[in-house]
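Residue-level listing of the chains:
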Amino acid sequence: TLAFFDQDTNDVKQAFEILNYVLPKYEQCFGQYDWHRIGYVATPMGSMEHTGNIALINRYMASTDEAAQSVIIHELSHSWFGNLITCATSYDMWFNEGGASFCEELGFEAAKGREYSDTYYRDLLSEMLRTLHHTDGDYLPLYGLPSEKTYSTTVYKKGALVFHTLRGYLGEQLFYSSMRRLFESNKFAAMDTYAIRDSLSAYSGTDLTNFFDFHIFGKGFLNYNIDSMHTDGTTATVFVRQRLVGTQTF
């Protein structure tokens, strides 16, 4: 159901065609859409994930631009991240908003292919490494932020990067099966970060304590680089170095 002011109906329909690809992907990855309908209503200012009646800023209702499309699919993903399971406290907001921001990448993967979504992710990563500590005033952890940082860029954008990293850490099949089980087993619950960590550890059979300690309770970023290589006949020895930005914790 689409409610809007003065846009051309065909333009609005075209803007929302992306959901024909995105909704099946979200259900495949996170489980059944559990609400009575999908609805969007144009609003003069701001967007928000009201169940069955998503508020969408008016200028995005008939737009196929990437910025508009990302908001359309971001708000739909809150049907899982924030509505089906919500954060127990403001400290846990990374789950709601970081999860939904990660789903922008996932939605573009469904609609436009993996090459497009990988570029979307790399552009986000590049932007965050260059600007996040300026935008939010420092390198910050995802968990335990003061109230004025609840809806910060860190929560949204670093949160998205961490979900992407967790998918790589567990592997896609195990990551999505664990996420489906999380949503199915905790429907309509408010969960804190520790419960999310322990549940995903149990569902995946992987102890995620160290992962959460660095990526969610800690601050900054890491990367693994090939430092050098040494060859001796038919044997090559590859040296890998861990590099840090915004933290001194390996």
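To be clear, the structure that these remarks concern was listed above.
All of the points below concern the structure found in this document. Remember, predicted model here, so these are calculated numbers, not experimental data. Think of each chain on its own: its residues are numbered from 1, step by step along the sequence as written. The predicted nature of this model means local features are confined to residues of pLDDT at least 70 and side-chain atom pairs, given and counted, to a pLDDT of 80 or more, with totals for whole chains, interfaces and linings taken over all residues. Only hydrogens and water are set aside; all other atoms, that is, all heavy atoms of the structure, feed into the side-chain values.

Examining the pattern of salt bridges
What counts as a salt bridge is simple: a side-chain nitrogen of Lys or Arg found within 4 Å of a carboxyl oxygen of Asp or Glu. Under the defined criterion, the tally for this structure stands at 11 salt bridges. Across the pair E109 and K25 runs a salt bridge whose closest N-O atoms are separated by 3.5 Å. Of this pair, E109 sits in helix α4 (residues 93-112) while K25 sits in helix α2 (residues 19-30), and the two are 84 residues apart along the sequence. Taken individually, E109 and K25 each receive the classification buried, so the pair is uniform in this respect. Residues K187 and E184 are paired through a salt bridge, measuring 3.6 Å at the closest nitrogen-oxygen approach. K187 gets classed as partly exposed once you look at its relative accessible area, which sits at 32%. Overlapping salt bridges bring together K25, E105, E109, R114, D118, R167 and E172 as one network. For helices the rule is a DSSP run of H or I covering at least 4 residues; for strands it is a run of E covering at least 2, with both sets numbered from the N terminus onward. Buried, partly exposed and exposed residues are distinguished by accessible area as a fraction of the type maximum, computed with a 1.4 Å probe on protein chains only: under 20%, between the cut-offs, and over 50%, respectively.

Things to note about a nonpolar patch on the surface
Residues form patches when they are more than 30% accessible in relative terms and have no salt bridge. Like charges link within 9 Å. Nonpolar side chains (Val, Leu, Ile, Met, Phe, Trp, Tyr) link within 5 Å. In this description, accessible areas are obtained by the Shrake-Rupley approach with a 1.4 Å probe, and a residue is regarded as covered only by the protein chains that are shown. On the surface, Y224, I226, M229, V238 and V240 cluster together to form a nonpolar patch covering roughly 560 Å² of accessible area. Elements supplying a minimum of two residues to the nonpolar patch: β6 (221-232) and β7 (235-245). If one sorts the elements of the nonpolar patch by residue count, β6 sits on top with three residues.

Some words on the packing of helix α3 (residues 66-77) against α4
Taken N-terminus to C-terminus, the directions of α3 and α4 make an angle of 120°; their axes are 8 Å apart at the nearest point. Judged by the angle between their axes, α3 and α4 are oblique. The element α3 and its partner α4 pack so that their crossing is right-handed. Judged by residue contacts, E66, Q69, S70, I73, H74 and S77 of α3 engage E97, A100, S101, C103, E104, G107 and F108 from α4. Put simply, Ala, Val, Leu, Ile, Met, Phe, Trp, Tyr, Cys and Pro go in the nonpolar bin, Asp, Glu, Lys and Arg in the charged bin, and everything else, Gly too, in the polar bin. Residues of the contact of α3 with α4, tallied by class, amount to four nonpolar, six polar and three charged. Note on geometry: axes are lines fitted to C-alpha atoms, helical ones only across the stretch in contact, with angles between N-to-C directions running from 0 to 180 degrees. Angle categories: roughly parallel below 35 degrees, roughly antiparallel above 145, roughly perpendicular from 65 to 115, and oblique for all the rest. Left-handed describes a crossing in which the near helix is turned anticlockwise from the far one by less than a right angle; the clockwise case is right-handed. In this analysis, two residues are considered to be in contact whenever any of their non-hydrogen atoms come within 4.5 Å of each other.

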